[in-house]
Amino acid sequence: MLLPRGLRIALRIASAATLAFIYAPIGIIVLYSFNAARVATWPISGLTLDWYARALGNAGIRNALLTSLEAAVGATVVALILGSLVAFAVQRHAFFGRQTLSFVVVLPLALPGIVTGLALNSAFRTLGFDFGLFTIVVGHATFCVVVVFNNVVARLRRTARTAEEASMDLGADTFTTFRRITFPAIRSALLAGALLAFALSFDEIIVTNFTAGAGTQTLPLWIFTNFQRPNNLPLVNVAAVFVLVLSIVPVYVASRLTSGTESTGRT
Amino acid sequence: MTSPAQNHAGKRLRALSAALYRHPRAQLGLLLAAPLGWLVIAYLGSLALFLITSLWSVDAKTGNLVTELTLKNYVTVATTEVYRTIAIRTVVMAALVTITTVVIAFPIAFYMARLASSRTRGILVVSILLPLWSGYLVKVYAWRLILSQNGVLNGVLEPFGLNGPGYSDVAVWLVETYLWLPYMIVPIYAGLERIPSSLLEASSDLGGRALLTFRRVVLPLALPAVLAGSIFTFSLTLGDYITPTLVSNTKFIGNVVYDFVGVAGNQPLAAAFAMVPVTIMLVYLFIARRLGAFEAL
C-alpha cells in the first residue's frame, strides 16, 4: 500500500518506541541485579557481581530454584504426554465431542488464572491432598497441556500421511511406523512445545500461589514473599533475573525451532 | 541376532499393532483415556466443585465448611457496597487497559504486517512473542522498582519538574497495559496481514487517502482481530492480583478473592466473588463470538 512518506516514518518511529517500551523494564531489572548499592535508586551507584554470589549462596533461593526446576520438568513431562495424546486423537480421529475437547484443553489458559488456582485449591482441600510439589505440578501441567497440543496439532496438520501409509505398505507395524516416520516428523514440534511448557511453568505465580501450600516455594513465590523486605531487595533482583533467563531462553529456542511456521501464540 | 524372548515379544507387539489398526476405536480409547481423565475429570471436576463451593458457607464460630446450599455468598457480594465498588473498579480498569493496548498495538502491528521487510518482520514477531510468554512476575517487579520514590521514572522526570504516578491506580493501569500489550499486538498483526492488498489498492484507486482507507477499509476488517486480542487483555486484567499488590494500595477483584482464601479462610465467599470475572468473561466471549472474534484467534 502506498503511504505518504511522513506517515511511513511516523509508523516506524512508533514501532521503535513500542519495542523500547516493551524491553526497557526488562533491561532495567537486569541492570539493577548488578547494582552495587542495597537500595534501588536511580541512577545506580556502581556495578557488582556480589549479589549473584550471595544469591547462589542463599539457601532459600537455592531451594526455590530447585523446586521450580522440579515443578517445571514434572509439568513439562505430563504436558508432553497428555498434549500429544490429545493432539493425535483430535487430528487423526473423528469422534463425538472433538470440538469440545479442543475447547477444554484451551480453557485453563482462557479463564483468569485466579479461577483455575482457586478451583484446584478447593479440589485439593476437599480431596485431602497435601499441598506441595505434587499439587504444583498438577496445577502447572493443567495449563501447559495446551502449548504442546497446539504445536503437535499444527505439525500433524502439515505432515502428509502418505509417508506413514508407505511405511505400513512396506510391512512396518504401527509402532515401527511411529518410531521411524511419525516421531521424527513431529520431534521438533514436541521439543518446541516442551520448551514453551517449561517456560510457562517456570515463571508462573498466579496458580502456584493457590497450589503450593505453606511449606513449598518456587522461585517466583520466593520473590513474591520477599519483595517487601528491604534487606533482601538485591537478592530479589538477582532471583528475578534467574526467572527471566530461565523462561525467556526456552521461548527463544522454541521460536527458532518452529521458525514462525507454527503457532507460538497462546491459542 | 534376536533372542527367542525378543522374538516372542516382537510378535506380540506386532499382533497388538495389527489389532489396533483393525480397531481404530480402541486406538482412540487408548489415546484419550489419560487426557480425559486429567482434563475432564480432574480439571472440569475442580471447576464444578468451585461452582458448588460458592453455594456453601463457613460457620462463623468454628470456621468449618457448611455444605448446605445457600445463596448467602452471592447476596453478600451483590449487596456489600465495598465489593460492588471493587468489582466496578476492576471492570473499568480492564476496559481502560484494553483500549490503551489497542491504541498502542495498532501502529506497530500495522508496520509489521504491511511495511516491514520479511526479515525485519521475523525479528519483530519474535521480539513480541518473547515477552508475551515469559517473565510475568519479573516484569511487574521491574515496574515496582521503576515507579518507586527514588526509582527510574522519577529520576528521568525530575529535571522536567514532573513526578511519576508512584504506587497508584495509574500505576496499575500503566503496568497492566505493559503486561498485556503483546497479547493485543499478535492478533492485530495477524488480522492486518490477512487483508488482501487489492482491497487497499482499490480504495486508493477510488481516491481514498491513507486516513480514509484506514477508517473505512482497514479498521472494519481488523475489528475481529481487535476483539480477539481484547479477550486476552480483558480476562488477564480481571484476574490479576499480583500487579495491584506490587504497584498500588488499591484492591481489585483478584486481591479480594486472594484475601478471602488466605487471610479470611473463606473459600465459599472467594468462589462467589470469583464468579464475577467468570460471568463477565462468559458474556464477553459470547458477544465476541457473535462478532466473529473466534475466527481471528
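Everything below is about the structure printed above this text.
Values in this document were obtained by computation on a predicted structure and should not be read as measured data.

Draft legend 1. Here's a closer look at the overall build of chain A. Looking only at helices and strands, chain A has 11 helices and 0 strands in total. Starting at the N terminus and ending at the C terminus, chain A contains elements arranged as α-α-α-α-α-α-α-α-α-α-α. Dimensions along the principal axes, computed over C-alpha positions, put chain A at roughly 70 × 65 × 30 Å. Counting all 267 residues of chain A, 54% fall into the buried class. Put simply, 70% of the contacts in chain A that link residues at least 6 apart link residues at least 24 apart. Taking the average place of the 19 positive charges on the side chains of chain A and the average place of its 10 negative ones, the gap between the two points comes to 11 Å.

Draft legend 2. Inspection of the pattern of salt bridges at higher detail. Taken as a whole, this structure holds 7 salt bridges over all chains when the rule is applied. For Arg92(A), the salt bridge identified is with Glu164(A), shortest N-O distance 3.2 Å. Remark: Glu164(A) occurs in helix H7 (residues 162–169) and Arg92(A) occurs in helix H3 (residues 59–92); sequence separation between them is 72 residues. By the burial criterion, Arg92(A) is buried, and Glu164(A) matches it. Residue Asp259(B) pairs with Lys251(B) through a salt bridge whose shortest N-O separation is 2.9 Å. Where salt bridges share partners, they join Arg92(A), Arg161(A) and Glu164(A) into one cluster.

Draft legend 3. Just the packing of aromatic side chains, in detail. Scanning the model with the defined rule gives 23 aromatic pairs over all chains in all. Centre to centre, the rings of Phe260(B) and Phe273(B) are 6.3 Å apart; their planes meet at 65°, and the pair counts as edge-to-face. Of the two residues, Phe260(B) sits in helix H12 (residues 253–262) while Phe273(B) sits in helix H13 (residues 267–290), which places them 13 residues apart along the sequence. Classification of Phe260(B) by relative accessible area gives buried; the value is 8%. Taken together, the ring pairs connect Phe124(A), Phe129(A), Phe131(A) and Phe134(A) into an aromatic cluster. Arg89(B) extends its terminal NZ or CZ atom over the ring of Phe252(B), reaching a point 6.0 Å from the ring centre.

Draft legend 4. Broad picture of the interface of chain B and chain A. Counting from both sides, the interface comprises 84 residues of chain B and, opposite them, 87 residues of chain A. Interface area for chain B against chain A, summed over the two sides, is near 8,000 Å², with a carbon-plus-sulfur share of 78%. Sorting the residues of chain B by area buried against chain A places Trp38(B), Tyr43(B) and Trp133(B) first, and these three jointly supply 11% of that buried surface. If you look at where chain B meets chain A, you find 1 salt bridge. Its salt-bridge partner being Asp173(A), residue Arg14(B) comes within 3.8 Å of it at the nearest N-O pair. Counting the contacts that link chain B with chain A gives 17 residue pairs in polar contact (both at pLDDT 80 or more). Sort the elements by how many residues they give to the side of chain B that touches chain A and helix H2 (residues 24–53) of chain B lands first, with 18 residues. Across the side of chain B that touches chain A, the residue classes break down as 62 nonpolar, 17 polar and 5 charged.

Procedures and definitions
Residue indices follow the written sequence of each chain, beginning from 1 at its first position. Naming scheme: in the order in which they are written, chains are lettered from A and ligands are numbered from 1. With the structure being a predicted model, the display of local features is reserved for residues of pLDDT at least 70 and the display and counting of side-chain atom pairs for 80 or more, all residues being used for whole-chain, interface and lining totals. Calculation of side-chain values draws on the structure's entire complement of heavy atoms; hydrogens and water are dropped beforehand. Where helices and strands are cited, they refer to DSSP runs of H or I of at least four residues and of E of at least two residues respectively, numbered from the N terminus. Residue burial is assigned from relative accessible area. The probe radius is 1.4 Å, only protein chains are included, and a residue is buried under 20% of its type maximum, exposed over 50%, and partly exposed in between. Any two residues having at least one pair of non-hydrogen atoms within 4.5 Å are treated as being in contact. Positive charges come from Lys and Arg, negative ones from Asp and Glu, while His and the chain ends are left out of the count. Where a charge lies is defined by one atom per residue type, namely NZ (Lys), CZ (Arg), CG (Asp) and CD (Glu). What makes a salt bridge here is a side-chain nitrogen of Lys or Arg within 4 Å of a carboxyl oxygen of Asp or Glu, nothing more. Any two of the Phe, Tyr and Trp rings considered here, Trp counted by its six-membered ring, make a pair once their centres fall within 6.5 Å; the pair's planes then place it as stacked at under 30 degrees, edge-to-face at over 60, or tilted in between. Working rule: Lys NZ or Arg CZ, within 6 Å of ring centre, within 35 degrees of ring normal, means a charge sits over the ring. When two parts are brought into contact, each loses some accessible area as probed by a 1.4 Å sphere; the total of that loss over both is the buried area. Pairs of N or O atoms are called polar contacts if they sit within 3.5 Å, as long as, within protein, a hydrogen donor faces a hydrogen acceptor (for residues adjacent in sequence, only side-chain-to-side-chain pairs). Each residue receives one of three labels: charged for Asp, Glu, Lys and Arg, nonpolar for Ala, Val, Leu, Ile, Met, Phe, Trp, Tyr, Cys and Pro, and polar for the others, Gly being one of them.

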